[in-house]
Amino acid sequence: MEKRDINQLFTREIAVQAVKDSFMKLNPSVLVKNPVIFIVGIGAVMTTVVVLTDTFTGHFSNFNFQITLWLWFTVLFANFAEAIAEGRGKAQADSLRKSRTQTKARKLINNKEEMVLANDLRKGDVVVCAAGDVIPADGDVIEGIASVDESAITGESAPVIRESGGDRCAVTGGTKVISDKIKIMITSEPGNTFLDRMIALVEGAKRQKTPNEIALIILLSGLTIIFLLVVVCMPAYFSYSLTASGLPQNQNLTLPVLISLLVCLIPTTIGGLLSAIGISGMDRLLRKNVIATSGKAIEAAGDTDVLLLDKTGTITLGNRMATNFLPAEGVTVLELADAAQLSSLSDETPEGRSIVILAKEKFNIRAREVQELHASFIPFSAQTRMSGVDIKGPDGKLLQIRKGSSEAIRTFVQNNNGFYPKQIQNIVSDLARQGATPLVVAENNKVLGVIHLKDIVKGGIKQRFAELRKMGIKTVMITGDNALTAAAIAAEAGVDDFMAEATPEDKLRRIREEQANGHLVGMIGDGTNDAPALAQADVGLAMNTGTQAAREAGNMVDLDSNPTKLIEVVETGKQLLMTRGALTTFSIANDVAKYFAIIPAIASMLYVTTSGIAPLSVLNIMKLATPESAILSAVIFNALIIIALIPLALKGVKYRPISANRVLALNILIYGIGGIIVPFFGIKLIDMILGFAHLI
Amino acid sequence: MNEAIQLIIFLVALVLLAPILGKFMAKVFMGENHLLKPVFGWLERSVYRVSGIKSEVEMNWKTYLFGILLFNFIGMVFLFLLQIFQVWLPLNTEHLPNVSWHLAFNTAVSFMTNTNWQSYSGENTLSYLVQMLGLTVQNFVSAATGIAVVLALIRGLTRKTTDELGNFWTDMTRTVVYVLLPLSILFTIILVGQGTVQTFSHYITATTLQGVHQVIPLGPAASQIAIKDLGTNGGGFFNANSAHPFENPTPFSNFLIMLALIIISAGLVFTYGHYAKSKRQAWAIFITMLILFAGGLALSLWAEYSQNNVLNIAGNMEGKETRFGVMNSILYSVTTTVTSNGSVNCMHDSLSPLSGLVAMFNLMLGEIIFGGVGSGLYGMIIFVFITVFIAGLMVGRTPEFLGKKVEAFEIKMAILAVLAPSIVIKLFSAIACTIPAGLAGLNNAGPHGLSEILYAFSSAAGNNGSAFAGLNTNTVFYNLMMGFGMLIGRFGVIIPVMAIAGNMARKKITPESAGTFKTDNWLFVLLLIGIILIIGGLTFFPPLALGPIVEHFLMNLGVTY
């Protein structure tokens, strides 16, 4: 899914659809959900009535007509912003939906298979899927094991194993069984799968407003009321001033002028872009292959300040790697490396491969063909807890090389009448203390030495944690390892804290503790026993490979099952909040310039001196051509700025991993100070164009 | 030069004394041991014993608010009755008649809300009994009410997961017994030493050089002046207020009065710092207030000293006392308007248009630059909430203040608190400048008339009480409109503030980290000033443009009305 072009804001089709939708959204029952834009809409209707009345009474005013036009544009632009965000989300959802075309399912009824439509399946139904079948809906494997191609959802081409019981029993509707046959119990009602919920969220129809968004709407509505109050009172002050200037009352402010003043002052920019910001936040997360069950979860992600991260897969590569050979007394390191390599040649486990690689890197021991050696590979088994090779030597003697845990090798050499040296015992306990895994190598009855297997911390993860720390986020590593091992890895990875030998109950307790201290906790999990903790956490990111229980408990699902994703989720959440704040600040800062455009314009006839000077014209610092042009320019700027900022609303403000204070300073500089300055130039420019084109 | 030194001494005294008083008040309100406990402890205890107050029982925000409303309502009714029956009550040495119902209503509201708007002239209208038992008592308790509200808010902000905001009666008692009373006594003694009158004797009739008989009103002025200044009340004993030589006899008394106007409000900022266990938080708010104060002062002084093209003079002395001069008059006018005090030592009506604008702007911001005792700080914290919400989002977290999330409820209440005074100023003045009853009181034509009306309602909404004069407000229309304006301006803010206090108290505190939006540094100070000027100030730009601003430009053009 990474292949999708994130930089391309929208396609032709999306744009065309969005234009249509902008008009559809003029429906008052839709418009009223956005109070600020609704007010602009009412204003537009009122000026339209004025223009129509004027026209029929033969007093057509070009100025009123243009004002009306731009007021309608303001509403349409705001609608367009929302429509385009929804369109992008829809496009994203459609590509997901393609995997859910009408499939048929083999439903088990009284142990007999019956073909039904996937849409008719209900929670609790059991279906059978064999190789080549598309899984009809989300569910749990209750019998059998199969490899499943989930590329339709995750984009990952390698098939994954799904089996009954345990933590890998969940299957997703729309994925395809490649081998074997499984029985699946359906766990979702039609239209209520994860995918359906996500599609509904990005399409905006069912989008619930998030807590911060609600608070912001209250603030914006409050500001709108304050400005409405100013505008409603203006005719009274104006009437007084007209009398005081000796002018007749019929020169009082006209309705279109008052509405222009109101529309310029109320925060239309953020009001128009607010829902686009929310939808595109959800969309950005989806582009990262994370499905959120609510917008609230994304906001909470921005707030998290403690992350519980599993060691394996997030902090370390999933597997341990050989990093050193420690020979026994009387054995050269070369002999040990040679034997270790021999024993691992056919060992396809990551640990085995890493031994071969280390031997090559350190001693240039080349890989040998197992067949040529007349060797037979002894795979690892849970009983012996060893693996290795048996080689028939030229003299017909059988050479048994084994590697395995300290205990297993001790038994092995002692059975061969060898003895297990004290020195090896010491090395083993030393390594364990450092947080490493010792692997002892023996040849027949002789112990050759120890291979140092180590957890490898992911490249760049330390820097990532440092960035998180700068942002004020504490990282806690969770591992089943003992405290020593955990401490060593924690130090190497640079996490702030760790939990060793952690059970799911420990995780849950830790989350509750952190929350009681006022922190917001994010965590990832996949197992059923993670479910309580996932539900308790403020942000619970479940792995798609995890169980259905885990996926239901969390409030987000990562389709890629990449535990590092949690960090990106946090960043997306922060970016969403930042974008809202930045555009609110920008919108409010804009008012300064608009006052300087409109106030001198509307007061141009008041208290004019005998020499013909209007005293308030001093405030016309932009030197706008005429009062009409000044008001119109402000209204046009106000409308165009919505269009100009759509890309920012969709992409979000640039995110940087720096401290809150520096982020703030930077954003204030750009959106606060910038928000004061930009409209001065913008309004002046529009005024010049209007004059040049003789539009007013 | 001399004036510059006086100004510097004033500012230095403010910066030095405010933290000391703030710390003392924190000890008083936290119930710790302090200097005055051995001296006045008996008084506090006997108040509790007589009234049956259980001083240690904490209240939730609704109970606390109910206490405030009940206490103030009773106080208002009592003061109303005192006025309309003063003829039959003792200590009416000049046999002043009963006060009209609308003036009595206006005055009762005015003193109860800590506004001290006076539609009457004190010496000709009210008996000694009303002045002392009615006005002076309200001067104490209205100030204490403001402090009680801010204490509840501070506790709400600094406590966690609780409903308890303190005990209203205890807070009132401690404020009066340990803060207002001792400071007033001290201040009265100094004022009497400077020559302020304090007597129960009859008015004196003197024969002037021209042979005319002149009645010189006297009275127990000094004791009332002390609390009117300390408690940001501002209601003068004499009509001329602090321009009257019996109220404010010397430049030194003038200096002390100015300091008294501001010191408790400024000190409370540091009390807040003690509760929040962060001096930096207190300094951030103090510096914000100081910058806004100094900015207004600078603009005012510049306006007064620059050339007046109508009078063709600079350093206009019209309407000012020669005892004080321009600088001290302007410093007084700025101080009294930022602090919601409203006592005056010069005629604000005669200020140059821009100085008048500054004075009016201070009122319109809602009296948050130091502001009224208590009310200034809680008003400022409302703006802190709005700032934190708008800018806080920009750091990518749900906005927080002192570790507590600022959410929809707080924003709703903060907007209500900003809206309430705003409605009074805009809507009421719009009504007044449209209907004959509103325009009837005007003595001035041109933009200045609009300024006078705007100023009056700003003064009411901000609970300031100073007037541009020039507007006769002792009419049924103005007495009622101003009365309701003062009530809305006072309780339209107190109620939302208490709701915020209650809601914030219940929240958890998120420990500070690098991701926290800091509210104790320069960046925040600048942001807060920006938001105050844009949200608090710019919304008043249209009416201001048609009043003092246009007046200023007309003056520059040499035109007057």
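Please refer to the structure higher up on the page.
Residues numbered from 1 in each chain as written. Chains lettered and ligands numbered in written order. Predicted model: local features only at pLDDT ≥ 70, side-chain atom pairs only at ≥ 80, totals over all residues. Heavy atoms only, no water.

(A) Local environment of the overall build of chain A. Within chain A, the secondary structure is distributed over 23 helices and 22 strands. With the C-alpha coordinates aligned to their principal axes, the bounding extent of chain A is approximately 125 × 60 × 45 Å. Within chain A, counting contacts between residues at least 6 apart in sequence, those at least 24 apart form 70% of the total. Of the side chains in chain A, 68 bear a positive and 67 a negative charge, and the two mean positions are spaced by 3 Å. (Helix = DSSP H or I, 4+ residues; strand = E, 2+ residues; numbered from the N terminus. Contact = heavy atoms within 4.5 Å. Lys, Arg positive; Asp, Glu negative; His and termini not counted. Charge placed at Lys NZ, Arg CZ, Asp CG, Glu CD.)

(B) Spotlight on the pairing of strand β21 (residues 539-543) of chain A. Residues and elements named next belong to chain A. With respect to burial, β21 is a largely interior element, five of its five residues being buried. What you see with β21 is no split at all: Val 539, Leu 541 and Met 543 on one side and Gly 540 and Ala 542 on the other are buried throughout. Bridge analysis of strand β20 (residues 521-525) against β21 gives four bridges, and the strand direction is parallel. What sits directly across from Ile 524, in β21, is Leu 541. (Buried < 20%, exposed > 50% of the residue type's maximum accessible area, 1.4 Å probe, protein only. Pairing = 2+ DSSP bridges.)

(C) Focus on unusual backbone geometry. Residues and elements named next belong to chain B. Phi at Thr 232 is positive, roughly 45 degrees, even though this residue is not glycine. Take Thr 232: it is sitting in the loop between α8 (221-230) and α9 (251-275). For Ser 340, which is not a glycine, the phi torsion comes out positive at approximately 60 degrees. As for its position among the elements, Ser 340 is in the loop between α11 (325-338) and α12 (353-364). A residue is classified by how much of its surface remains accessible, and Ser 340, at 1% relative accessible area, is buried.

(D) Summary view of the packing of helix α1 (residues 2-29) of chain B against helix α10 (residues 279-305) of chain B. Residues and elements named next belong to chain B. Closest axis-to-axis distance for the α1/α10 pair is 13 Å, and the angle between their directions is 165 degrees. Taken together, the axes of α1 and α10 lie roughly antiparallel to each other. By crossing handedness, the relation of α1 to α10 is classed as right-handed. Where α1 approaches α10, its residues Glu 3, Leu 7, Phe 10, Leu 11, Leu 14, Val 15, Ala 18 and Pro 19 are matched on the opposing element by Trp 283, Phe 286, Leu 290, Phe 293, Leu 297, Leu 301 and Tyr 305. Grouping the amino acids of the contact of α1 with α10 by side-chain chemistry returns 14 nonpolar, no polar and one charged. (Axes fitted to C-alpha atoms, helices over the stretch in contact; angles between N-to-C directions. Parallel < 35°, antiparallel > 145°, perpendicular 65-115°, else oblique. Left-handed = near helix turned anticlockwise from the far one by under 90°. Nonpolar A, V, L, I, M, F, W, Y, C, P; charged D, E, K, R; others polar.)

(E) Expanded view of empty space enclosed by the protein. Residue and element names in this part refer to chain B. Under the definition given, this model contains eight cavities of 30 Å³ or more. For the largest cavity, the calculated volume is near 300 Å³. What lines the largest cavity is a set of 25 residues, among which Leu 365, Gly 366, Ala 417, Pro 421 and Val 493 lie closest to the centre. Mapped by element, the contributors of at least two residues to the lining of the largest cavity are α13 (375-392), α14 (408-432), α17 (476-505) and α18 (522-537). When residues of the lining of the largest cavity are assigned to their parent elements, the largest contribution, five residues, is made by α13. (1 Å grid on protein atoms, 1.4 Å probe; cavity = no way out; pocket = protein on both sides within 12 Å on 5 of 7 lines; lining within 4 Å. Points joined across faces, edges and corners; volume = space filled by probe spheres on them.)

(F) Region of the structure containing the sheet that holds strand β6 (residues 160-163) of chain A. Residue and element names in this part refer to chain A. Spatial ordering of the open sheet is given by β6-β5-β8, a layout of three strands whose pairing is antiparallel. Of all strands in the sheet, those bounded by a partner on one side alone are β6 and β8 (176-179). Across the sheet, the axes of successive neighbouring strands diverge by a mean angle of 50 degrees, strand direction being ignored. Relative to β8, strand β5 (residues 145-149) is paired through three bridges, and the arrangement is antiparallel. When the sheet's bridge partners are listed, Ser 147 is paired in β8 with Ser 179.

(G) Spatial organisation of the interface of chain A and chain B. With 64 residues of chain A at the interface, the matching set in chain B holds 66 residues. Carbon and sulfur atoms supply 78% of the area that chain A and chain B bury against each other, a total of about 5500 Å² over both sides. Counting the surface chain A buries against chain B, the share from its top three residues, A:Tyr237, A:Tyr240 and A:Tyr607, is 14%. Scanning the region where chain A abuts chain B turns up zero salt bridges. In this assembly, chain A and chain B are joined by 16 residue pairs in polar contact (both at pLDDT 80 or more). Looking at the side of chain A that touches chain B element by element, the count peaks at 21 residues for helix α7 (residues 211-245) of chain A. When its residues are assigned to classes, the side of chain A that touches chain B shows 42 nonpolar, 16 polar and six charged. (Buried area = accessible area lost by both parts, 1.4 Å probe. Salt bridge = Lys/Arg side-chain N within 4 Å of Asp/Glu carboxyl O. Polar contact = N/O pair within 3.5 Å; in protein donor to acceptor, adjacent residues only side chain to side chain.)

(H) Quick look at the packing of helix α4 (residues 101-112) of chain B against α17(B). Residues and elements named next belong to chain B. Here α4 crosses α17 at 20 degrees, and the two axes come no closer than 9 Å. With respect to α17, the element α4 is oriented roughly parallel. Pair α4 / α17 crosses with left-handed handedness. Across the interface between the two elements, Trp 101, His 102, Leu 103, Phe 105, Asn 106, Val 109, Ser 110 and Met 112 from α4 touch Val 476, Tyr 478, Asn 479, Leu 480, Met 482, Gly 483, Phe 484, Met 486, Leu 487 and Phe 491 from α17.

(I) Broad picture of the sheet that holds strand β1 (residues 104-109) of chain A. Read from one edge of the open sheet, six strands run β2-β1-β3-β9-β4-β7 (chain A), paired in antiparallel fashion. In this open sheet, the two edge strands, each paired with only one partner strand, are β2 (112-117) and β7 (170-171) of chain A.

(J) Geometry of the packing of aromatic side chains. Residue and element names in this part refer to chain B. Evaluation of the coordinates by the stated rule reveals 25 aromatic pairs over all chains. Residues Phe 517 and Phe 524 carry aromatic rings whose centres are separated by 5.9 Å and whose planes lie at 75 degrees to one another, so their mutual orientation is edge-to-face. Each member of the pair, Phe 517 together with Phe 524, is buried. (Phe/Tyr/Trp six-rings, centres within 6.5 Å; stacked < 30°, edge-to-face > 60°.)

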